[in-house]
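Residue-level listing of the chains:
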Amino acid sequence: MAGTKINFKEIEEKWQRRWGESKIFDAEIKSDKKFFLTVPYPYTSGPLHIGHGRTYTLGDIIARFKRLQGYNVLFPMAFHVTGTPILAIADSIAKSEKEVIERYKDYVSIYEDAAKVEETVNSFGNAENVADFFAARISEDFKRMGYSIDWRRKFNTTEPMYNKFIEWQFKKLYEKGVINKGKYPITYSCEDDSAVGEDDIEEGDTNKVSIIEHTTIKFELSNDTYLIAATLRPETIFGVTNLWIKPAAKYVKVKVGNEFWIVSVEAAEKLGYQREEAEVLEEIEGGFFVGKKVKEPVEGREIPVLPASFVDADVGTGVVYSVPAHAPYDYIALEDWRRKEGLEIAPIKIIDIEGYELPAKEICERMRIESQEDVRLEEATQIIYKDEFYRGVLNEKCREFAGVEIAAIKDEVKNWLKEENIADVFYETSRKAVTRGGGKVIVAVLQDQWFIDYTPGWWKDLGHKLVEGMTFYPERYKAYMHDIIDWLALRPCARKRGLGTRFPFEKEWIIESLSDSTIYMALYTIAHLLRQLPVDALDEKFFDYVFLGIGDAEELAEGINKPLQGLLGRGAEPHIGVNVLERIREEFEYWYPNDLRHTAPPHLSNHLVFFLMHHAAIFPESKLPRAITLNELMIREGRKMSKSKGNVIPLAKVSELFGVDLYRLYCAINADFASVVNWREQDVDALRKKFNALVELFEQSIGVEKLKENELTHTDRWLLSKFYRRLRESIERFEAFRIREVGLNMVFNLMNDIRYYEHRESRERRRRIVRNVMEDWLIILSPIVPHICEEMWHRNRGEKGEVREERKLKFISMQTLPEIKEEFIDDRVEREEEYLVSLIEDIKEIMKIARIQPGKIYVYTADADAEKWKWEIFRAIKDLSEKDKIKEAMKFRKDKNTVDFVKQLMKSNLDYFELKEEEVLEREREYLMNEFGCQMVVNEEYDPKGKKKFAIPLKPAIYVEG
RNA sequence: GCGGGGGUAGCCGAGCAUGGACAAAGGCGCAGGACUUAAGAUCCUGUUCCGUAGGGAUACGAGGGUUCAAAUCCCCCCCCCCGCACCA
């Protein structure tokens, strides 16, 4: 075969241009049923790659399918600019940071000529330029991917219109009493003087830094002066025997209220970020405290302060209290002391746990740990911690807490210690971390952080109720979303840095970027219309009217026009007519709610839950989201795609490297939403061959005459039956978002059917039968591979000229789903074919095993006159249980052969189906003889090997004569 | 640890909810053949083992169990992936 000579790139461009010119994806209000689909707007800090493309592509496939279903579809797009990353990039570039500049040169050179790269990147010192550049490029990328987006509604999240909208949202939440201010611990960089997140932290994406709450416990050194020990296990305070300190480290005295706390220098700095009243006084060498006695706070026992090398001044407070019965570190350190100095300190056991007498001692012995420098101490600590936490019980030394499991009593002990003014809270990071700039990351407590309080019961109830009524795909995420709502508590919603909307209640704060992207889908419905209004008009009243129907359009218009009239002078026509406002309201009313949000699982516990909760709080029930679908990520050659691995393929390169339709097909077919897609070059190549073959198949049927109804043979009917059955299944699956199955069914399986058909009939006839189903086939494939379908559709219809405005309905993209021709779906035809296939297989098997070249084939069916009783019994016992079958059969024919037959029947496990075997075989005799290149006869008397008796219904007996 | 998802032939990946037609779809890879000057593409055949008649044996992470019958149901164990918050 010559292979298809199609220039895919040309076709992509042609149809994208024509779709654009004809504005077919610009969604306008129609009386039809509507479908409003959104995917997350991309963050414009850099180019998107093929992994991101999966979500947008699947979104577009759904949008296109919904159009075929007859929905008036709105699929809009905007750009996310809010937050710190873009600003941080601009700052770095302004500061000429080499690494960032190099990275952005790479990014820009995806799009720009080498000559312009430098200049462009230089302009990125300004954050706005970064955002604008990538927003513009990503728009182009999306157009090149063939996405059916209504671009008129595009906006970005830093423009004034958006700010106004976000202000409105926060006022609504404020009215509900869920915007509050309070203390909040965060990861923080002193150097940058700001909060830092996963993206700001070195290796933060692979090795997360979380906030750990330590308990500090005061050990009195002298009046009002305390050594402050930090611990994760405050319940072990009852077993304390001594303190540990690092002699070489520097400690400081810190004035906290009326008390003086002694902690390491590092801890004092952290304390400064966690408490308002901490004041650092003099510095003291660790060694100074060695040998001193302190009073433990619970019993008032005097215990010694000892030096230990394992103490890290930069973890906790640099002071550790020692519980040698239960802490391996402490046990080993004391052992050291005993050996070197002969100092005996007896462990105090306070936790009973099965399998241990003295847990710390035993674990060290078992693991053969002998030195405090042994790295495995960490592991030993983990093991004991876990064992004791889940299985340990506090013993009689622990006052009223005795007899309770650690897991259940830990927090009670902690709270009691706090109440007794013995304990306090100290936050520490879960590991030592630095920012990408190298600044140390600590935990700071913000004293007046604004946050959204998701705890009110009424709100959670609304959230649960909403989720309950929604569709989720994959379904399991529904239960997960309920869990997230339960677990959601406080969420900081503003920060002092970054791009975004000023917090309306305190202007030096900026609304944080996940909090400003929760109900923005509503803005899509009206964004293009808001452009005609002055920004000042977009006040609270305005949005109340548009989104909630509160107030009156006339009054509102007057309010808007008054200041304008002042400018224009008396007697001038009002600028904004009531009709404009009504139109805006109407648009929102028509399109909202968001029928489907398609995104990826990482958004579940942040963006999506806010999306749901904010909708539930602000909008009436009729405007709440209807469905969420999620697709997993894409990896490449088995590995995660990331800048650092250098294995990223930009979305902008898809057309050039693979072709858009092929990429889209791969996204659709390679994995279900619930599975990770593995982008493998080898698989892409294999799919390309398939795809090209498919295109060629279509091409070869263009201009060919269809088979007429009266020409149809059994094989034609078989193909048509297969086709419409697959089509019917595919539409059902499409509706259920099982796009992979649609793709497999309508590409791989159908092509196999057609290959079989061609083998059975002829190439010429195949061209004709394909022509019979081609239009329907193209339509169902068009959401997935729209460009080639559009091309084939038009070639087939001979519409080579430009498509003019009035002919826009002629796009395949604007068709409706084909009718399923149920009359062609024919079980009998398919069963007959299966019957033949299995007969051929059996004969081949026999030829192979017996090593015979057939001279003549004898086939004996169970519906031959002499064997007919078999069919009768088959019919009679088909629905009976195994046990009853023989019994029932014997009623028909008391005979040993009957028993043998029924046994054979049961073993072959055939599905009952009425089929006239002899008739089918006679009809297809010529084909069968062709297959084997020899004579074949059916139900002849001649039966030299006595095979006849082995015939059972649907499985003829065979004798092959050499 | 908690919560969720998985472990299927050389690889990827269906099937498992409603146990039987499952040696297990489909694809890739590999081997042989056809076509070709050749390569590629395409098409056939094979791809656990045994078998001169359509059959049999062993197999679906490991081990038990239920059943006439288990990849599919139950129990237990091992391993892998994802989420656990302020970050877009």
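What counts, and at which threshold
Residues numbered from 1 in each chain as written. Chains lettered and ligands numbered in written order. Predicted model: local features only at pLDDT ≥ 70, side-chain atom pairs only at ≥ 80, totals over all residues. Heavy atoms only, no water. 1 Å grid on protein atoms, 1.4 Å probe; cavity = no way out; pocket = protein on both sides within 12 Å on 5 of 7 lines; lining within 4 Å. Points joined across faces, edges and corners; volume = space filled by probe spheres on them. Helix = DSSP H or I, 4+ residues; strand = E, 2+ residues; numbered from the N terminus. Nonpolar A, V, L, I, M, F, W, Y, C, P; charged D, E, K, R; others polar. Phe/Tyr/Trp six-rings, centres within 6.5 Å; stacked < 30°, edge-to-face > 60°. Buried < 20%, exposed > 50% of the residue type's maximum accessible area, 1.4 Å probe, protein only. Core = buried A, V, L, I, M, F, W, Y, C linked by side-chain atoms within 4.5 Å. Contact = heavy atoms within 4.5 Å. Axes fitted to C-alpha atoms, helices over the stretch in contact; angles between N-to-C directions. Parallel < 35°, antiparallel > 145°, perpendicular 65-115°, else oblique. Pairing = 2+ DSSP bridges. Left-handed = near helix turned anticlockwise from the far one by under 90°. Patch = residues over 30% accessible without salt bridge, like charges linked within 9 Å, V, L, I, M, F, W, Y side chains within 5 Å. Areas by Shrake-Rupley, 256 points an atom, 1.4 Å probe, with all protein chains shown as cover. Salt bridge = Lys/Arg side-chain N within 4 Å of Asp/Glu carboxyl O. Lys, Arg positive; Asp, Glu negative; His and termini not counted. Charge placed at Lys NZ, Arg CZ, Asp CG, Glu CD. pLDDT = per-residue confidence, 0-100. Arc of directions from axis to C-beta. Polar contact = N/O pair within 3.5 Å; in protein donor to acceptor, adjacent residues only side chain to side chain.

Participant: Give me the lowdown on the layout of surface pockets, citing residues and values where you can.
Facilitator: Left-over empty space is what a probe sized like a water molecule reveals as it rolls over the atoms. One number sums up the size of the second largest pocket: a volume of about 1300 Å³. Taken together, 49 residues line the second largest pocket, and the ones lying closest to its centre are His214, Leu232, Val315, Tyr329 and Glu378. Listed by contribution, the elements that provide at least two residues to the lining of the second largest pocket are strand 5 (211-222), strand 6 (225-231), strand 13 (319-322), helix 9 (328-341), helix 11 (376-391), helix 12 (406-419), strand 16 (423-429) and strand 17 (441-453). Here the residues of the lining of the second largest pocket sort into 20 nonpolar, 14 polar and 15 charged.

Participant: Can you lay out the packing of aromatic side chains for me, pointing to particular residues and giving the numbers?
Facilitator: Per the counting criterion, the structure on display carries 68 aromatic pairs. Summarising the aromatic geometry, the rings of Tyr104 and Tyr107 are spaced 4.9 Å apart at their centres and angled 80° between planes, so their arrangement reads as edge-to-face. Placement of both Tyr104 and Tyr107 in helix 4 (residues 98-111) is noted, with a separation of three residues, approximately one turn of the helix. This pair shows no difference in class: Tyr104 is buried, exactly as Tyr107 is. Between the aromatic rings of Trp168 and Phe619, the centroid separation amounts to 6.4 Å while the plane-to-plane angle is 50°, which identifies the pairing as tilted. Of the two residues, Trp168 is situated in helix 7 (residues 160-175) and Phe619 in the loop between helix 20 (604-618) and strand 23 (627-630); the sequence distance between them amounts to 451 residues. What makes Trp168 buried here is its relative accessible area of 1%. Classification of Phe619 by relative accessible area gives buried; the value is 5%.

Participant: Lay out the nonpolar core in plain terms, naming residues and giving numbers.
Facilitator: Within the largest apolar cluster, 119 residues are counted, with the highest numbers of intra-cluster contacts made by Phe142, Trp777 and Leu781. A per-element tally of this core places helix 26 (residues 763-781) first, with nine residues. Each residue touching Trp777, except ones within four places of it in the same chain, is listed here: Leu694, Leu697, Phe698, Phe723, Met746, Leu750, Met751 and Ile754. With 77 residues, the next largest nonpolar core counts Leu488, Phe547, Ile560 and Phe588 among its residues.

Participant: Can you break down the environment of Asn692 residue by residue, with the values?
Facilitator: Looking at the element boundaries, Asn692 is found in helix 23 (residues 681-699). Using a relative accessible area of 22% as the deciding quantity, one classes Asn692 as partly exposed.

Participant: So what's going on with the packing of helix 22 (residues 660-670) against helix 23? Residues and values would help.
Facilitator: What describes two packed helices is the angle between their axes and the distance between those same axes. Running from N to C, helix 22 and helix 23 cross one another at 110°; their axes reach a closest spacing of 10 Å. Taken together, helix 22 and helix 23 sit at an angle that is classed as roughly perpendicular. In contact with Asp661, Leu662, Leu665, Tyr666 and Asn670 of helix 22, helix 23 contributes Asp683, Val684, Leu687, Arg688 and Phe691.

Participant: Any chance you could break down the sheet that holds strand 23 for me, citing the residues and the numbers?
Facilitator: As summarised here, the arrangement of the five strands in space is 2-1-22-23-18, forming an open sheet in which the pairing is parallel. The open sheet has two edge strands with one neighbour each: strand 2 (72-74) and strand 18 (471-473). Each neighbouring strand pair of the sheet contributes to a mean axis angle of 15°, computed without reference to strand direction. Pairing between strand 22 (residues 596-599) and strand 23: three bridges, direction parallel. Considered in strand 23, the bridge of His598 is made with Thr629. The strands that helix 20 touches are strand 18, strand 22 and strand 23; relative to strand 23, the one it contacts most, it runs at about 165°.

Participant: Give me the packing of helix 3 (residues 85-94) against helix 4: which residues, what numbers.
Facilitator: One way to put it is that helix 3 packs onto helix 4 with a least axis distance of 8 Å and a crossing angle of 110°. As far as their axial angle goes, helix 4 and helix 3 are roughly perpendicular. Considering the relative orientation of helix 3 and helix 4, their crossing is left-handed. In contact with Ile89, Ser92 and Ile93 of helix 3, helix 4 contributes Val100, Ile101 and Tyr104. Counted by class, the contact of helix 3 with helix 4 contains five nonpolar, one polar and no charged residues.

Participant: Residue-level account of helix 22, with values.
Facilitator: Among the eleven residues in helix 22, ten count as buried, and that is most of the element. Along helix 22, the residues classified as buried are Val660, Asp661, Leu662, Tyr663, Arg664, Leu665, Tyr666, Cys667, Ala668 and Ile669.

Participant: Any chance you could break down a negative patch on the surface for me, citing the residues and the numbers?
Facilitator: Taken together, the side chains of Asp552, Glu554, Glu555, Glu558, Glu582 and Glu586 present a region of like negative charge at the surface. Those elements that place two or more of their residues in the negative patch are helix 18 (553-568) and helix 19 (578-591). Top contributing element to the negative patch by residue count: helix 18, with three residues. Considering the arrangement of structural elements, one finds Glu586 in helix 19. The class of Glu586 is partly exposed, set by a relative accessible area of 42%.

Participant: Please set out the confidence of the model for chain A residue by residue, giving values where relevant.
Facilitator: Mean pLDDT over chain A: 89, with 96% of residues reaching 70 or higher. Confidence over residues 801-806 falls short of pLDDT 50; this stretch has ten contacts with residues more than four positions distant or in other chains. Predicted complex, confidence summary: ipTM 0.94, pTM 0.86.

Participant: Describe helix 8 (residues 265-274), with residues and values.
Facilitator: By the burial criterion, the buried members of helix 8 are Ala267, Ala268, Lys270, Leu271 and Gln274. The arc that holds every buried residue of helix 8, seen down its axis, measures 165°, which confines them to one face. In this structure, the buried side of helix 8 is in contact with strand 8 (250-256), strand 9 (259-264), strand 10 (278-285), strand 16 and strand 17.

Participant: Requested: an account of the pattern of salt bridges, with residues and values cited.
Facilitator: Applying the stated criterion across every chain, the model contains 78 salt bridges. Here Glu21 ties to Arg17 by a salt bridge, and the two come within 3.6 Å at their closest N and O atoms. Residue Glu21 and its partner Arg17 are located together in helix 1 (residues 8-22), separated by four residues, close to a single helical turn. A relative accessible area of 48% means that Glu21 is categorised as partly exposed. Among the charged side chains, a network of salt bridges with common partners joins Asp26, Glu28, Asp150, Arg152, Arg153, Arg583 and Glu587.

Participant: An account of the environment of Trp591 is needed here, citing residue identities and associated values.
Facilitator: Relative to the assigned elements, Trp591 resides in helix 19. Accessibility expressed as a relative area gives 0% for Trp591, which makes it buried. A C-alpha to C-alpha distance of 9.9 Å links Trp591 and Lys33, two positions 558 residues apart in sequence. Here Trp591 is in contact with Ala27, Glu28, Ile29, Lys34, Phe35, Phe36, Asn72, Val73, Leu74, Arg153 and Thr525, once residues within four sequence places are set aside.

Participant: An account of the sheet that holds strand 27 (residues 856-860) is requested, with residue identities and associated values reported.
Facilitator: Judged by pairing direction, the sheet is mixed, and its three strands sit side by side in the order 28-27-29 without closing on themselves. Because the sheet does not close on itself, it has two edges, and the strands there are strand 28 (935-938) and strand 29 (957-961). Along the sheet, successive strands turn relative to each other by an average axial angle of 15°, direction set aside. By the bridge criterion, five bridges tie strand 27 to strand 29 in an arrangement that is antiparallel. For Tyr858, the partnering residue across the bridge sits in strand 29 and is Tyr959. Against the sheet, helix 28 (residues 827-850) makes contact with strand 27 and strand 29, and its axis sits at roughly 45° relative to strand 29, the strand it touches most.

Participant: Tell me about the side chain of Asn745, residues and numbers included.
Facilitator: Summarising the element assignment, Asn745 is placed in helix 25 (residues 739-760). Under the relative-accessibility criterion, Asn745 is labelled buried at 3%. At a separation of 3.2 Å, a polar atom in the side chain of Asn745 contacts the side chain of Glu729. In this view, Asn745 contacts Arg726, Glu729, Ser730 and Leu750; residues no more than four positions away in its chain are not counted.

Participant: Give me the pairing of strand 9: which residues, what numbers.
Facilitator: By the criterion of burial, strand 9 is predominantly enclosed, with five of the six residues buried. Bridge count between strand 6 and strand 9: three bridges; the pairing is parallel. Looking at the pairing, Thr225 lines up with Phe260 of strand 9. The pairing of strand 8 with strand 9 spans six bridges and is classified as antiparallel. Following the sheet pairing, Lys255 is matched in strand 9 by Phe260. Turn length for the strand 8-strand 9 hairpin, with the two strands adjacent in sequence and antiparallel, is two residues, and the turn residue Gly257 shows positive phi of about 60°.

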